[in-house]
Amino acid sequence: DEHPDAKQSGCCAPCPIACEAADRPTVDGVRTKGRPVHLNRVERPEYETLAMMGSNLGLTSSLDVMDGNDACNRLGLDTISSGAALSLVCELAERGWLPEAWGTTFAAPFAFGPYAEGDAVTWRFGDPALPPLALAALCRAQPGDGSLFGALHGGAVAFAEVVESLTGHPATRCTAHCKGLDLPAWDPRGKRGNALAYMTANVGASHMRAGYKAPTGLPKDSALDLVPELIESQNAIVVRDSLILCAFAKGASPDDMLAEAWTAITGDEASWADLCARAGVQWDLARAWNVAHWRALGRDAANEDLLSWRLRKEPLPSGVAKGCVSFQDDDDEAACLSAYYRLRGWDASGRPEVKA
Ligand code: SF4
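Criteria and thresholds
Position numbers for residues start from 1 in each chain and track the written sequence from start to end. Under the rules for a predicted model, residues below a pLDDT of 70 receive no local features and side-chain atom pairs below 80 are neither given nor counted, while totals for whole chains, interfaces and linings still include all residues. Calculated side-chain values reflect all of the structure's heavy atoms, with hydrogen atoms and water omitted. By the criteria applied, helices consist of DSSP H or I runs no shorter than four residues and strands consist of E runs no shorter than two, each listed in order from the N terminus. Note on classification: 1.4 Å probe, protein chains only; a residue is buried when its accessible area is under 20% of the maximum for its type, exposed when over 50%, partly exposed between these limits. Throughout, a residue-residue contact means that at least one pair of heavy atoms, one from each residue, lies within 4.5 Å. Using a 1.4 Å probe, the Shrake-Rupley method yields the accessible areas, and only the shown protein chains count as cover for residues. For this description, a residue counts as near a given molecule or strand if any of its non-hydrogen atoms is within 4 Å of it. All amino acids are sorted into three groups, where Ala, Val, Leu, Ile, Met, Phe, Trp, Tyr, Cys and Pro are nonpolar, Asp, Glu, Lys and Arg are charged, and the leftover types, Gly among them, are polar. Side-chain atoms alone can form a polar contact between residues adjacent in sequence; in general such a contact is a pair of N or O atoms within 3.5 Å, and within protein one must be able to donate a hydrogen while the other accepts it. What a helix is expected to span follows from its residue count: subtract one and scale by 1.5 Å. Cavities and pockets are defined on a 1 Å grid built over the protein atoms alone: a cavity is a set of grid points where a 1.4 Å probe fits but cannot escape, while a pocket is an open set with protein on both sides within 12 Å along at least five of seven lines, and lining residues are those with an atom within 4 Å of any such point. Grid points are joined across faces, edges and corners, and a volume is the space filled by probe spheres set on the points. Domain delimitation follows an automatic or database domain assignment. We define a salt bridge as a contact between a side-chain nitrogen of Lys or Arg and a carboxyl oxygen of Asp or Glu at a distance within 4 Å. Pairing of aromatic rings covers Phe, Tyr and the six-membered ring of Trp, with a centre-to-centre limit of 6.5 Å; geometry is then stacked below 30 degrees between planes, edge-to-face above 60, and tilted otherwise. Ring-over charges, as used throughout, are those where CZ of Arg or NZ of Lys falls within 6 Å of the ring centre and within 35 degrees of the ring normal.

**Things to note about the overall build of the protein chain**
From N to C terminus, the protein chain includes 14 helices and eight strands. Residue burial in the protein chain is summarised as follows: out of 356 residues, 45% are buried. A fraction of 58% describes how many contacts in the protein chain between residues 6 or more apart in sequence connect residues 24 or more apart. Accessible surface, the protein chain as shown: approximately 17,900 Å² in total, 54% of it carbon and sulfur.

If you want it as structure tokens, here you go:
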């Protein structure tokens, strides 16, 4: 009993924050003692993994999440996108929207949990054995081979497009993404300003490209007043990443200290404001690349910035944000995006002017 519930074990020495840990879970009502039982599998899952490979799949035990986490680690898969892909298949199976030829089960590729090798595993939420079995089956399939797993190789967004084209069911409405990147665990319908952060991150719906200093409330109010802070935080994060500084450590490192570190390393006497101004130029360059890419595909930049349908149009069904979508309405969404373009110095269609 003298042991805490979590043991810090895999941290980056000598980091004083020491965020990494391993659980001492309670199994069958008995609290684990000594060495964490799962230590030969994986450290405690990160936040996004807990949500996307856990509650998102109807799982409630962190040990079950670790099995899916471990499968992702071994197979080289991202836990956010894996959780998004598996939950989409479960939802489409639940709705009866999967192509008939695919059925609603798959053969277990190895014995695991209650399944023997070859047993039928049903696509459903709440089955702890499903993530490791489905991910292993996914990696054994050939991309585009006409099977469910062959389609799932492209990830949730591409999978939904295939299902929609094969069945006519609006499967793409069940996805949650921006620019094809699956949403992390932070639903923009529950936090004001979060949608605009996802929409304006050059890589798509990343939770690592912006941050607000204080709680922002619910998106039933406009995020228009948050746009300057959003841009400031995006530029600061470019500096952070360019310094190869851990995201958690940034919060504990004053801006002036980072500028001092930059000067000590490079000899360049730049202030924090100088570094952020350069970050703005980098942000514009990445945006210009995106815009040129979309233009080559015949796509409109402002349209590419929109979140997927569900996040814009389907209100949250319960909780403190019940009834909210990502913005007040379409007009508020357009006003926030326009304000962002204007403050970045981009034109009305979201194109930056990049000087040679
Ligand atoms: S806060 Fe960052 S540097 Fe510190 S242990 Fe965690 S990941 Fe490593």
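**A few points about the site of the ligand**
In the vicinity of the ligand lie eight residues, with C12, C15, C19, C246 and F248 positioned nearest. A class-by-class count of the residues in the shell around the ligand yields eight nonpolar, no polar and no charged.

**Considerations on the side chain of T79**
Relative to the helices and strands, T79 is located in helix α3 (residues 79-95). Accessibility expressed as a relative area gives 12% for T79, which makes it buried. A polar atom in the side chain of T79 sits 2.9 Å from the side chain of T49. Every residue in contact with T79, bar those within four places of it in the chain, is listed here: T49, M52, M53, N69 and C72.

**Remarks on helix α11 (residues 272-296)**
Between the first and last C-alpha of α11 there are 36 Å, a value that for 25 residues agrees with the 36 Å anticipated at 1.5 Å per step. For α11, the set of buried residues is W272, L275, C276, A279, G280, W283, D284, R287, N290, V291 and W294. In this structure, the buried side of α11 is in contact with α7 (194-200), α8 (227-242), α9 (247-251), α10 (255-266), α12 (301-304) and α14 (330-344).

**Some details on the layout of surface pockets**
With a probe scaled to a water molecule rolled over the atoms, the places where space remains empty come into view. The space that makes up the largest pocket amounts to roughly 1,000 Å³. Lining the largest pocket are 28 residues; nearest its centre among them are H207, A210, G211, Y212 and I237. Of all the secondary-structure elements, those providing two or more residues to the lining of the largest pocket are α1 (47-52), α7, α8 and α9. Sort the elements by how many residues they give to the lining of the largest pocket and α8 lands first, with six residues. Here the lining of the largest pocket is built from residues that sort into 12 nonpolar, six polar and 10 charged. Computed from the structure, the second largest pocket encloses a volume of approximately 640 Å³. Along the walls of the second largest pocket sit 27 residues, with N56, A176, D187, R189 and R310 positioned nearest its centre. Listing elements by their share of the lining of the second largest pocket, those giving two or more residues are α1, α3, α6 (155-167) and α13 (309-313). It is α3 that contributes the most residues to the lining of the second largest pocket, four residues altogether. Of the residues belonging to the lining of the second largest pocket, the class tally is 17 nonpolar, four polar and six charged. When residues of the lining of the second largest pocket are sorted by domain, at least three fall in each of domain 2 (45-175) and domain 3 (186-344).

**Considering the pattern of salt bridges**
According to the stated counting rule, one finds 19 salt bridges in the structure shown. The residue D241 makes a salt bridge to R240 at a minimum N-O spacing of 2.8 Å. Since its relative accessible area comes to 36%, D241 is described here as partly exposed. Ionic pairing is found between E333 and R312, a salt bridge with its closest N-O pair at 2.8 Å. Of this pair, E333 sits in helix α14 while R312 sits in helix α13; the two residues are 21 residues apart in sequence, bridging distant segments of the chain. A residue is classified by how much of its surface remains accessible, and E333, at 7% relative accessible area, is buried. Each of E91, R95, R310 and E314 takes part in a single network of salt bridges with overlapping partners.

**Section: the packing of aromatic side chains**
With the rule as written, the count across this model stands at eight aromatic pairs. Relative to F149, the ring of F106 has its centre 5.4 Å away and its plane inclined at 90°; by these criteria the two rings are edge-to-face. Pair noted here: F106 is in strand β5 (residues 105-107) and F149 is in helix α5 (residues 148-152), with a separation of 43 residues, a long-range link. On the accessibility criterion, F106 (7% relative accessible area) is buried. Arranged with centres 6.2 Å apart and planes meeting at 80°, the rings of F110 and F112 form a pair that is edge-to-face. Ring pairing ties together the aromatic residues F106, W123 and F149, which thus form one cluster. In this structure, R95 is placed above the aromatic ring of W97, and the distance from its NZ or CZ to the ring centre is 4.7 Å.

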